[in-house]
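Observations on the model geometry
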Amino acid sequence: MVMCMTDRDRLWFIGITKDARTAGPGKRLELFLKGCIRGIVNPCQGCFNPTTWEFGGPRREMTVDEVVDFIVRDAWNRQVTFCGGEPLLQTRNLIKVCRRLKELDPKFHIVIYTAYVLENLLRNGIVFVPRACDGPEVHEALQVYSSSWTEDRSRYQIATPDEILELLKYVDMLVDGDYQHDKRLPVSPTMDEGMFIGSANQRVIYAAESLRRDPSGQHFEMLYADEYNRRMACQKTCRCCGHALLDDSMHFCDEDCEQRFVERDEYMKIFGGA
Ligand code: SF4
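Description of the structure in this document. (Residues numbered from 1 in each chain as written. Predicted model: local features only at pLDDT ≥ 70, side-chain atom pairs only at ≥ 80, totals over all residues. Heavy atoms only, no water.)

1. Digging into unusual backbone geometry
- For the bond running from glycine 84 to glycine 85, omega is 10°, close enough to zero to count as cis.
- Mapped onto the secondary structure, glycine 85 falls in the loop between strand S4 (79–83) and helix H4 (91–104).
- Of note, aspartate 19 is a non-glycine position whose phi angle comes to about 55°, a positive value.
- Within the chain, arginine 78 stands out as a residue other than glycine whose phi angle is a positive 70°.
- For arginine 78, a relative accessible area of 12% puts it in the buried group. (Helix = DSSP H or I, 4+ residues; strand = E, 2+ residues; numbered from the N terminus. Buried < 20%, exposed > 50% of the residue type's maximum accessible area, 1.4 Å probe, protein only.)

Okay, structure coming up:
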């Protein structure tokens, strides 16, 4: 199969949820990227999304520009989450999407969930050595996703450590670590906006802010997921973006958030919906 550059500029998705409440602060546009090596090799017990594992089968393909246009149009409060599957398999094109979003509006708040652990990503990047049983659809996906591969297609460099670091410059919160069912965080009445469902081994890493302070990537500020949820449960949050407010008497972070919320409210009164 001959692959042109246009094909390589596409991202593969399996689904999209609008106004998701459990994928980071506030109501978020949540995009599910297709494919999970962990899922096809040794899935996490209790994985919430097995339909995302396979590289073959149905998918929605969008160019980098189409993804950016879609997010600009549909993320009314500028809150976006990429999950999967394993979104970091598409690091190469996610860098372009996230960089463009931040250039268009620095208020975009980006969350990415990954089963990989930050320290390993920064040491090794992501490499995959296909097994004999992996069919052509796996190789097709990896040629779209990867930075480079060997001539005999026996080893794919999906993302280098430098590419991971570049992506993290635009990611406000990286949630890392695999889902571990025995450490599952309970679904409770407090598990609402600003919380997320996952397991206590996962960490919320304030990537972009940490890299602004120390571009070397040696010092990342982070919280374990249960600590993060506990902190958010006792915070008053902005009605628009869902982020913690500094002052209990406030309802919004700033005028921009207030205006977005009012516009959205008016829109929903006319057109209805969630
Ligand atoms: S929980 Fe995530 S990383 Fe684990 S198998 Fe499911 S999609 Fe893959």
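2. Digging into the pattern of salt bridges
- The final tally for this structure, using the stated rule, is 25 salt bridges.
- The residue arginine 100 makes a salt bridge to glutamate 103 at a minimum N-O spacing of 3.5 Å. With arginine 100 and glutamate 103 both in helix H4 and three residues apart, this pair spans about one turn of that helix.
- Residue arginine 100 is classed as partly exposed on the basis of its relative accessible area of 38%.
- Put simply, Arg78, Asp105, Lys107, Asp254, Asp256 and Arg260 are held in one network by salt bridges that share partners. (Salt bridge = Lys/Arg side-chain N within 4 Å of Asp/Glu carboxyl O.)

3. Considering the packing of helix H3 (residues 64–74) against H4
- Axis separation between H3 and H4 bottoms out at 9 Å; the angle between their running directions is 40°. It follows that H3 is oblique to H4 by the angle criterion. Between H3 and H4 lies a crossing whose hand is right-handed. Facing H3, whose interface residues are Val64, Val67, Val68, Ile71 and Val72, H4 presents Asn93, Lys96, Val97, Arg100, Leu101 and Leu104. (Axes fitted to C-alpha atoms, helices over the stretch in contact; angles between N-to-C directions. Parallel < 35°, antiparallel > 145°, perpendicular 65-115°, else oblique. Left-handed = near helix turned anticlockwise from the far one by under 90°. Contact = heavy atoms within 4.5 Å.)

4. Notes on the packing of aromatic side chains
- What the rule picks out here adds up to five aromatic pairs.
- Between phenylalanine 55 and tyrosine 145 the ring centres are 6.1 Å apart and the planes differ by 55°, which places this aromatic pair in the tilted class. Of this pair, phenylalanine 55 sits in the loop between helix H2 (37–41) and strand S3 (60–63) while tyrosine 145 sits in helix H6 (residues 136–145); the two residues are 90 residues apart in sequence, bridging distant segments of the chain. Taken individually, phenylalanine 55 and tyrosine 145 each receive the classification buried, so the pair is uniform in this respect.
- A centroid spacing of 4.7 Å and a plane angle of 40° characterise the contact between tyrosine 267 and phenylalanine 271, whose relative ring orientation is tilted. With a gap of four residues between them, tyrosine 267 and phenylalanine 271 both fall in helix H10 (residues 255–271), about one helical turn apart.
- Using a relative accessible area of 59% as the deciding quantity, one classes phenylalanine 271 as exposed. (Phe/Tyr/Trp six-rings, centres within 6.5 Å; stacked < 30°, edge-to-face > 60°.)

5. Regarding the pairing of strand S5 (residues 109–113)
- Counting buried residues along S5, five of its five residues qualify, which places the element largely inside the surrounding structure.
- Residues of S5 alternate between two faces, with His109, Val111 and Tyr113 on one and Ile110 and Ile112 on the opposite face, all of them buried.
- For the handedness criterion, the β-α-β arrangement of S4, H4 and S5 is classed as right-handed.
- Where S5 meets strand S9 (residues 173–176), three bridges bridge the pair, whose relative direction is parallel. Within the sheet, the bridge partner assigned to isoleucine 112 lies in S9 and is leucine 174. (Right-handed = clockwise from strand over helix to strand, strands pointing away. Pairing = 2+ DSSP bridges.)

6. Observations concerning H6
- For H6, a buried count of seven out of ten residues is recorded, marking the element as mostly surrounded by other parts of the structure.
- Listed as buried for H6 are Val138, His139, Ala141, Leu142, Gln143, Val144 and Tyr145.

7. A short note on the environment of arginine 60
- Mapping arginine 60 onto the fold places it in strand S3.
- Remark: the alpha-carbon pair of arginine 60 and lysine 34, spanning 26 residues in sequence, is separated by 8.8 Å.
- Those residues in contact with arginine 60, other than ones at most four positions away along the chain, are Leu11, Trp12, Phe13 and Ile16.

8. Quick notes on the site of the ligand
- Taken together, Cys36, Gly39, Cys44, Cys47, Thr52, Trp53, Gly85 and Ala115 make up the full set of residues near the ligand.
- When its residues are assigned to classes, the shell around the ligand shows five nonpolar, three polar and no charged. (Near = heavy atom within 4 Å. Nonpolar A, V, L, I, M, F, W, Y, C, P; charged D, E, K, R; others polar.)

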